[in-house]
Amino acid sequence: MMDVIVMEIRHLHYFMAVYEELHFTKAAEKLGIAQPTLSQQIRVLEDELGMPLFDRIGKKIVVTEAGSLLFSYTSEVLNTLQNVKDSIKDLQALEGGQIRIGIMPSDLDYRITQLVIDFHQKFPKVKLKILASIDIMRQVLENEVDIGIGTNVESDDRLVIIPLCREEYVLTVSKEHPLSNQTVISIAELEDLPMVMYPEGFLGREVVEEAVKKHGFQLHSILETSSVTSIMNLVRANIGVTVQPYPLLQQMNDPTLCSIRISNGAPSRSLSIIYRVDRYVSQATTAMIEQIKDYFKG
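Reading the values: the criteria
- Residues numbered from 1 in each chain as written.
- Predicted model: local features only at pLDDT ≥ 70, side-chain atom pairs only at ≥ 80, totals over all residues.
- Heavy atoms only, no water.
- Buried < 20%, exposed > 50% of the residue type's maximum accessible area, 1.4 Å probe, protein only.
- Helix = DSSP H or I, 4+ residues; strand = E, 2+ residues; numbered from the N terminus.
- Pairing = 2+ DSSP bridges.
- Salt bridge = Lys/Arg side-chain N within 4 Å of Asp/Glu carboxyl O.
- Phe/Tyr/Trp six-rings, centres within 6.5 Å; stacked < 30°, edge-to-face > 60°.
- Right-handed = clockwise from strand over helix to strand, strands pointing away.
- Contact = heavy atoms within 4.5 Å.

### Notes on the pairing of strand β5 (residues 147-151)
In terms of residue burial, β5 counts as a mostly covered element, since five of its five residues are buried. Pairing geometry for β5 and strand β12 (residues 268-276), over four bridges, is antiparallel. Paired with T151 across the two strands is L271, which belongs to β12.

See below:
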């Protein structure tokens, strides 16, 4: 007769901690238990499964094939349990709870303040946690946030993707710049302009670089910073020019800056709401998604 394996949830939490840390002492500290206790509980789990989950080579720990297999299923089990807890909390307090939203730093600084104010007025009991990141998809997939507002998101079976809008980039200069009176500039004319941009690897930089690459050149970047506030301050000082999404400039409404439309293939980005396919979506989160859609539609 086949043996029945009965694993306790706490054993799975212990296993996940060791899997993530690959160090028993650090995992024990993370769990708030003694290291010998953790080692004993992992041995109990291994005895129950009949296979080692970790190879202990001196002070180094390596995950076995059985450990990797258990990890894939444990992630799903713990995620399902969290969804159950969230759905029950949602029933207990339909207007309560917390929503974690991932968004690009520039949009957090200038775009969604009014959205947050409007939502809080409608749902004052819901706690909002807005996290800035240049890697929204990773945040969503690793459950660091409940939903994200992603840029140029590619199709992924693990995600629900709700398109919001497409935004065109414009050349932004100081009102003291010689180009400040122009309304349109050809994309080819960007080649020789001293640029203040995000560092390479940032999505806001890559979108622009990909567009100009089609015309056979790269941006002439003279200063780089990861902060859109710093970029705009440098442009105001007429140190250089930059290329940014037009709605961002509209929201800033700064009379010291001038926006110039780019012709013949302007860079653009698409914005989408994203969340995990297997994630429970609370009523409050559903309301936030609808408000985000209305906000960007407007």
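### Section: the pattern of salt bridges
All chains considered together, the criterion is met by 18 salt bridges. Between R138 and D135 there is a salt bridge, with the nearest N and O atoms lying 3.7 Å from each other. Exposure remark for R138: the relative accessible area of 31% places this residue in the partly exposed category. In this structure D135 comes out as partly exposed when scored by relative accessible area, which is 35%. Among the salt bridges present, the one from R205 reaches E200, with a minimum N-O distance of 3.8 Å. Taking relative accessible area as the criterion, E200 reaches 62% and is therefore assigned exposed. In the salt-bridge network here, residues are joined through shared partners; they are D135, R138, E142 and E144.

### Quick look at the packing of aromatic side chains
Evaluated as defined, the whole model comprises seven aromatic pairs. Where F15 meets Y19, the ring centres are 5.9 Å apart and the plane angle is 50 degrees; that geometry is what we call tilted. You can see F15 and its partner Y19 sitting in helix α1 (residues 9-21), four residues apart, about one turn around the helix. Grouped by ring-pair contacts, the aromatic residues F15, Y19, F24, F54 and F71 constitute a single cluster.

### Quick notes on the pairing of strand β9 (residues 220-224)
Where strand β8 (residues 194-197) meets β9, four bridges bridge the pair, whose relative direction is parallel. Residue V196 lies in a different strand from β9, and its bridge partner there is L223. Between the parallel pair β8 and β9, the chain is carried across by helix α8 (residues 203-213), and the sense of this crossover is right-handed.

### Remarks on the environment of L203
Considering the arrangement of structural elements, one finds L203 in helix α8. As a C-alpha pair, L203 and I162 span 41 residues in sequence and 19 Å in three-dimensional space. Apart from residues lying up to four places away in sequence, L203 is in contact with M104 and T151.

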